[in-house]
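Working through the structure, step by step
Given next are the chains, with one letter for each unit.
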Amino acid sequence: MSLGGGGAAHAYLGRVQGKAPAEGGSAKSERALADALRWLARQQRPDGSWAAPQREVEVSSLVLLAFLGRGHTHRFGRYKRTVDKGLLWLRRQERQGSFSPQASAHLRATQALCEALAITQDFVLKRSAERGVARALILEARDEAGAARILLTLRCAAEAGLRVERRKVEAHLAALV
């Protein structure tokens, strides 16, 4: 048995500009989000990453998730060039199925790729996302926070339409109990 299958881009379609007021935000918070994305876009390095010594993969992944969460992808949105460069840089970091020797950074990178895949259904992203998920499945959680990060990654994978074995999810869930 597996979780996922079939794209879940619909889960992301509601996260676009102008939705914050309907979800408890305000015009002011909407402007703050727009200002933050503008600032983040200006901080992107020419290679597509965001500067953070020894943490580039994790920080760049989190920044990409911020853009993706507002509906900007490498295919559409005001920041499509920024997201495209970031995703390309992220995919180039993969070495033998891992985006980083740090588990948390690898998981964040996999989440970003899965979210971009879920939104766009871009087959180019699928192989990198699948390899990231395969690595996530063999990670051992050292604590509840680690197990939660792994489960979040597996949920992102399922929402992107990637197959995730139920027994693997159950094994990580057991670490939380």
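Notes on the structure in this doc start here.

The rules behind the values
- Residues numbered from 1 in each chain as written.
- Predicted model: local features only at pLDDT ≥ 70, side-chain atom pairs only at ≥ 80, totals over all residues.
- Heavy atoms only, no water.
- Salt bridge = Lys/Arg side-chain N within 4 Å of Asp/Glu carboxyl O.
- Helix = DSSP H or I, 4+ residues; strand = E, 2+ residues; numbered from the N terminus.
- Expected span 1.5 Å × (residues − 1).
- Buried < 20%, exposed > 50% of the residue type's maximum accessible area, 1.4 Å probe, protein only.
- Axes fitted to C-alpha atoms, helices over the stretch in contact; angles between N-to-C directions.
- Parallel < 35°, antiparallel > 145°, perpendicular 65-115°, else oblique.
- Left-handed = near helix turned anticlockwise from the far one by under 90°.
- Contact = heavy atoms within 4.5 Å.
- Phe/Tyr/Trp six-rings, centres within 6.5 Å; stacked < 30°, edge-to-face > 60°.

This next bit is on the pattern of salt bridges. Within the structure shown, the criterion is met by nine salt bridges. The shortest N-O distance in the salt bridge between Arg131 and Glu94 comes to 2.5 Å. Of this pair, Arg131 sits in helix H6 (residues 123-138) while Glu94 sits in the loop between helix H4 (80-92) and helix H5 (103-120), and the two are 37 residues apart along the sequence. Salt bridges linked by common partners bring Arg45, Asp47 and Glu56 together as one network.

Moving on: H5. Relative to the 26 Å expected for 18 residues at 1.5 Å per residue, H5 spans 26 Å between its end C-alpha atoms, a close match to the ideal helical length. Burial analysis of H5 places 16 of its 18 residues in the buried class, the great majority of the element.

A few words on the environment of Ala34. Turning to its location among the elements, Ala34 is positioned in helix H2 (residues 27-43). Here Ala34 falls in the partly exposed class, since its relative accessible area comes to 27%. Separated by 36 residues in the primary sequence, Ala34 and Arg70 place their C-alpha atoms 9.2 Å from one another.

As a further point, take the packing of helix H7 (residues 144-159) against helix H8 (residues 166-174). For the pair H7 and H8, the least separation of the axes is 9 Å and the interaxial angle reads 155°. On the basis of their axis angle, the class for H7 and H8 is roughly antiparallel. Regarding H7 and H8, the two cross each other, and that crossing is left-handed. Only Val169, His172 and Leu173 of H8 make contact with H7, whose side of the interface consists of Ala147, Ile150, Leu151 and Leu154.

One pass over the structure, following the stated rule, counts two aromatic pairs. On the numbers, 5.2 Å between centres and 55° between planes, the contact of Phe67 with Tyr79 is tilted. Highlighted residues: Phe67 in helix H3 (residues 56-69) and Tyr79 in the loop between H3 and H4, separated in sequence by 12 residues. The exposure class of Phe67 is buried, given its relative accessible area of 0%. By relative accessible area, Tyr79 is classed as buried at 8%. Taken together, Trp50, Phe67 and Tyr79 form an aromatic cluster joined through their ring pairs.

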